[in-house]
Amino acid sequence: MIRRVGERLVIATHNEGKLREISALLEPFGIACTGAAELDLPEPEETGVTFIDNAELKARTAADLSGLPALADDSGLCVEALGGMPGVFSARWAEAREGNRDFALAMERVWEQVEACGPQVSRDAHFVCALAIAWPNDGQTESFEGRVDGQLVWPPRGGQGFGYDPMFLPEGHEQTFGEMDPDAKHAISHRARAFRKLVAELE
Ligand code: ITT
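Residues numbered from 1 in each chain as written. Predicted model: local features only at pLDDT ≥ 70, side-chain atom pairs only at ≥ 80, totals over all residues. Heavy atoms only, no water.

Q: Explanation requested: the site of the ligand in the structure shown.
A: Around the ligand, the surrounding shell holds 22 residues, and the nearest of these are Thr13, Lys58, Arg101, Asp165 and Lys185. One of the side-chain N or O atoms of Glu46 is found 2.9 Å from an oxygen atom in the ligand. Within the contact set of the ligand, a nitrogen atom lies 2.9 Å away from a side-chain nitrogen or oxygen of Arg191. Secondary-structure elements contributing two or more residues to the shell around the ligand are strand E3 (70-79) and helix H5 (190-201). If one sorts the elements of the shell around the ligand by residue count, E3 sits on top with four residues. Counted by class, the shell around the ligand contains five nonpolar, eight polar and nine charged residues. (Near = heavy atom within 4 Å. Polar contact = N/O pair within 3.5 Å; in protein donor to acceptor, adjacent residues only side chain to side chain. Helix = DSSP H or I, 4+ residues; strand = E, 2+ residues; numbered from the N terminus. Nonpolar A, V, L, I, M, F, W, Y, C, P; charged D, E, K, R; others polar.)

Here's what the structure looks like:
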């Protein structure tokens, strides 16, 4: 068992899709969430080599600057044919001109590279989510990881979710994350799985 979170938690993300999903997952616990953008917190440079490293780095920065417990998420799509890429670089693969992100472009980049490996290559992929909670002052941090396996599809399907969701078909399902209702995604997603581990450990 780890410590109490209290009534207010900073969600150390500038990604609106993540903020929406994390707020929905936290809703039953009566914890008020404040997004990093609302507190004007900076986006730290993600220098870690693992999802956990980056989640801890973002949570620690937000906790120290806000003086409140902070929850951060580092996540991404790992494609078997590409040796696990884009992985921790999932956001970077979406970078278009002027620093804007374009996930239609990112999905095309992924698909082009998979196709370049040949027609027989595996379409297997998984999403990973690392969640880290950091408390201010004493440096305590706790991390949890969740994963969901599936396959890539082309063309992308559905307008729900965010990021790479329209090209990801979770194992045992007929709808991509982009086609699923948010509640259906929350029942099986990498984020929900990491979140369940976190909740099991919280007071
Ligand atoms: P923060 O660091 O501010 O949280 P970010 O978007 O930069 O936001 P990451 O560095 O963790 O976050 O990048 C992970 C990318 O992987 C993210 O931009 C998404 O597009 C993608 N991704 C993560 N979870 C996803 C999900 O559930 N569905 C689709 N794409 C996802």
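Q: How should the sheet that holds strand E4 (residues 124-134) be read in this particular structure?
A: Strand pairing in a sheet relies on backbone hydrogen bonds. The paired strands run either parallel or antiparallel. Within the open sheet, the six strands sit side by side as E2-E1-E3-E4-E5-E6. Their pairing is mixed. Both edges of this open sheet fall to strand E2 (32-35) and strand E6 (168-170), since each of them pairs with a single strand only. Neighbour to neighbour, the strand axes of the sheet diverge by 35° on average, direction disregarded. Sheet analysis places E3 next to E4, joined by ten bridges and oriented antiparallel. Its bridge partner lying in E4, Ala70 is registered against Ala134. Across the sheet, helix H2 (residues 51-66) touches strand E1 (8-11), E3, E4 and strand E5 (141-152), and the angle it forms with E3 is around 160°. (Pairing = 2+ DSSP bridges. Axes fitted to C-alpha atoms, helices over the stretch in contact; angles between N-to-C directions. Contact = heavy atoms within 4.5 Å.)

Q: How should the nonpolar core be read in this particular structure?
A: Within soluble globular proteins, side chains that are nonpolar tend to cluster in buried spots. Counting 20 residues, the largest nonpolar core has Leu77, Val79, Val110, Leu152 and Tyr164 as the members making the most contacts within it. Secondary-structure elements contributing two or more residues to this core are E3, helix H3 (103-115), E4 and E5. Among the elements that make up this core, the one with the highest residue count is H3 (five residues). For Leu77, the residues in contact, after removing those within four places along its chain, are Gly84, Met85, Pro86, Gly87, Ser90, Ala125, His126, Phe127, Leu152, Tyr164 and Phe168. Of all hydrophobic cores here, the second largest spans 18 residues; its members include Leu25, Ile133, Ala192 and Leu202. (Core = buried A, V, L, I, M, F, W, Y, C linked by side-chain atoms within 4.5 Å. Buried < 20%, exposed > 50% of the residue type's maximum accessible area, 1.4 Å probe, protein only.)

Q: It is not clear to me how the environment of Leu105 should be interpreted in this structure. Could you clarify?
A: Looking at the element boundaries, Leu105 is found in helix H3. A relative accessible area of 26% means that Leu105 is categorised as partly exposed. Expressed as a C-alpha distance, the spacing of Leu105 and Ala59, which sit 46 residues apart in the sequence, is 29 Å. When sequence neighbours within four positions are dropped, the list of residues in contact with Leu105 reads Glu95 and Ala96.

Q: Looking at this structure, how should I read a negative patch on the surface?
A: Together, Asp102, Glu108, Glu112 and Glu115 give the surface a local cluster of negative charge. For Glu112, the location among the structural elements is in helix H3. (Patch = residues over 30% accessible without salt bridge, like charges linked within 9 Å, V, L, I, M, F, W, Y side chains within 5 Å. Areas by Shrake-Rupley, 256 points an atom, 1.4 Å probe, with all protein chains shown as cover. Salt bridge = Lys/Arg side-chain N within 4 Å of Asp/Glu carboxyl O. Lys, Arg positive; Asp, Glu negative; His and termini not counted. Charge placed at Lys NZ, Arg CZ, Asp CG, Glu CD.)

Q: Help me understand the packing of helix H1 (residues 16-26) against H5, please; the structure alone is not making it clear to me.
A: Packed helices, taken two at a time, are described by their axes: the angle between them and the distance between them. Two elements in contact, H1 and H5, have axes separated by 11 Å at closest approach and are oriented at 40°. When the axes of H1 and H5 are compared, the pair comes out oblique. The two elements H1 and H5 meet at a crossing, and its hand is right-handed. The segment H1 lies against H5, with Lys18, Glu21, Ile22, Leu25 and Leu26 engaging Arg191, Ala192 and Phe195. In the contact of H1 with H5, the residues fall into five nonpolar, no polar and three charged. (Parallel < 35°, antiparallel > 145°, perpendicular 65-115°, else oblique. Left-handed = near helix turned anticlockwise from the far one by under 90°.)

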